[in-house]
Amino acid sequence: MSPTHNFDDAEKGVAELELPIPVALPLSSSKSSMTAVATPISSPTTAVSSQVKLPSAFSKLPKEKAKCNEKALVIPSSKESKEYVLPALKPRKLLERKPNRWIRFQLWFNTYRKFYVFVMTMNIVGLILAIAGVWDYPRQYTGAFVLGNLLVAILMRNELFGRLLYLVINTLFAKWTPLWFRLGCTSVLQHLGGIHSGCAVSGFMWLVYRVVLIFIDHKDNHDSVLIMGVITNIVVGISIISAFPWIRNTHHNIFERHHRFMGWLGLIATWIFVILGESYDLNTHSWNPDGVRIIRQQTFWYALGMTVFILIPWLTIREVKVECEIPSPKVVVLRFERGMQQGLLARISRSSIMEYHAFGIISEGKHSNKHYLICGVQGDFTRGLVENPPTHIWTRELKFAGVSNTSTLYRRGIRVCTGTGLGAALSTCLQSPDWYLIWIGSDQEKTFGPTISGLIHNNLGPDRVLLWDSKKRGGRPDTMKLIKEVYISWGAEVIFITSNYQGNKEMMEGCKAAGIPAFGTLWDF
């Protein structure tokens, strides 16, 4: 029988003795080595042969007479493994095209920027109508537009609100809804930062407009209201400027300190500005600090909402015990108590209120009594973990959800990561048998140590993982050839990628060109 025929049958869920479909043979069954198995290989930069036998889980099929039907392939249970059901795979064709300007533009103008443009457009139109005198409401209640925008901006970055959104979507729409809808849900959740940025800048614009109106009518307003408005503008402006990408990415500690502390100072200034503005009677030119009147104003409740959502994460900070494993000068593995669901990230710090650093959480599940963070030694903070390993560290008990948390939406997927990106990827594969792990790195077992290698060997069968050691193989693989072949053979619906900027760019462009749904690492814009 021809290879093509075998390929088609395999895609329909009907197995034969040998299926020369493009599949990446993953890890060797030996638990003492982390050497990638991808044979035959013609050169270090060649990914995987397009003619390889199925992994060990499938090699037993002829002897055990696997039960087949049109919907799924059921592999009978054995002493070593439980019954395994392989969903029916639909024949799929990948697009044969190279990344071009249109593809790069689509990736650039992602959901983040779409949200940002939409929010900014709506607010700018409203501001123009207010300035032109066409729309009177914003002139009378400018404070509501200022604080309403700022409240939404804060809400989009709030851990509790984010976890609630992920919970609702993962609970209601997992697996049964059309793929395009689930991909849309993931995209929206991943790019909520676009709403955050758009509303923050829009709120600042309305705040400037509000102060300009007070200045125009300064004869009717008290000087203290105008002064407090100017101070609020300056503080909020500094907080926004400190979050610009080139500052955040190149001077992270400066961003953390200014964005946080100026944000808190801005909240205090906002409260004073609101109370002064609502307490001064423009008609009688006198102070009327009526608490009941202030409470009835929109601005009071918006400010209260901002305060509550800012405080919630900080009420959960704790100093917890931590064990440090330093397998190499490049990596620190932190071990904490209690298990976690997949797709979460932790923020940790050496102090309670200074800069916090986010890392992906590795855990075998809620039933486990441990979870881990992989910290690559890159900056002062992670270097300090090596030079002076802590016994206790500050963290927020309320973890925030990352894009991997939506992996439950999909029937099957692939998690691709390079280097320390494994920290954000491994939990998804540990906690779900429907996810395949591709990990590209250099001398992984030596670099990341026995704890991480043990988690992989003890939880992922050789049919669900491919480890590529670029040091032993003399270079990186052809990642797109590898991804395409595993995508087809595994029957994946989506690919999640965690890599550095260049690696992420190449893989995302390649997946977009091939028509493969993929979500990559985000850098705040």
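Residues numbered from 1 in each chain as written. Predicted model: local features only at pLDDT ≥ 70, side-chain atom pairs only at ≥ 80, totals over all residues. Heavy atoms only, no water.

Draft legend 1. Structural detail: the overall build of the protein chain. Check the secondary structure of the protein chain and you find 21 helices and 18 strands. By sequence separation, contacts in the protein chain at least 24 residues apart represent 72% of the contacts at least 6 residues apart. Only carbon and sulfur atoms are counted for the fraction: they give 61% of the accessible area of the protein chain, which is about 25,500 Å². (Helix = DSSP H or I, 4+ residues; strand = E, 2+ residues; numbered from the N terminus. Contact = heavy atoms within 4.5 Å. Areas by Shrake-Rupley, 256 points an atom, 1.4 Å probe, with all protein chains shown as cover.)

Draft legend 2. Broad picture of the nonpolar core. Membership of the largest hydrophobic core comes to 57 residues, with the highest contact counts inside it found for L334, L373, L422, L426, L437, W439 and I452. When residues no more than four places from it in sequence are discounted, the contact partners of I452 are V333, I362, I374, L422 and W439. Counting residues in each nonpolar core, the second largest holds 29 residues, with L151, I154, Y209 and L213 among its members. (Core = buried A, V, L, I, M, F, W, Y, C linked by side-chain atoms within 4.5 Å. Buried < 20%, exposed > 50% of the residue type's maximum accessible area, 1.4 Å probe, protein only.)

Draft legend 3. Quick peek at the packing of helix α10 (residues 193-216) against helix α11 (residues 223-241). Interhelical geometry of α10 versus α11 gives an angle of 160 degrees and a closest axis separation of 10 Å. Considering the angle they form, α10 stands roughly antiparallel to α11. Two packed elements cross with a definite hand, and for α10 against α11 that hand is left-handed. Contacts between α10 and α11 involve A200, V201, F204, L207, V208, V211, I214 and F215 from the former and V225, L226, G229, V230, T232, N233, V236, G237 and I240 from the latter. Its residues placed into classes, the contact of α10 with α11 shows 13 nonpolar, 4 polar and no charged. (Axes fitted to C-alpha atoms, helices over the stretch in contact; angles between N-to-C directions. Parallel < 35°, antiparallel > 145°, perpendicular 65-115°, else oblique. Left-handed = near helix turned anticlockwise from the far one by under 90°. Nonpolar A, V, L, I, M, F, W, Y, C, P; charged D, E, K, R; others polar.)

Draft legend 4. Here's a closer look at a nonpolar patch on the surface. Taken together, the side chains of V125, L129, V134, W135, Y137 and Y141 present a nonpolar region at the surface, about 530 Å² in accessible area. By the secondary structure assignment, V125 is in helix α5 (residues 111-131). (Patch = residues over 30% accessible without salt bridge, like charges linked within 9 Å, V, L, I, M, F, W, Y side chains within 5 Å. Salt bridge = Lys/Arg side-chain N within 4 Å of Asp/Glu carboxyl O.)

Draft legend 5. Quick look at the environment of G475. You can see G475 is positioned in the loop between α19 (470-473) and α20 (479-490). Classification of G475 by relative accessible area gives buried; the value is 18%. Measuring from C-alpha to C-alpha, the distance between G475 and G441 comes to 9.7 Å, with 34 residues separating the pair along the chain.

Distances and angles like these do not, on their own, reveal function.
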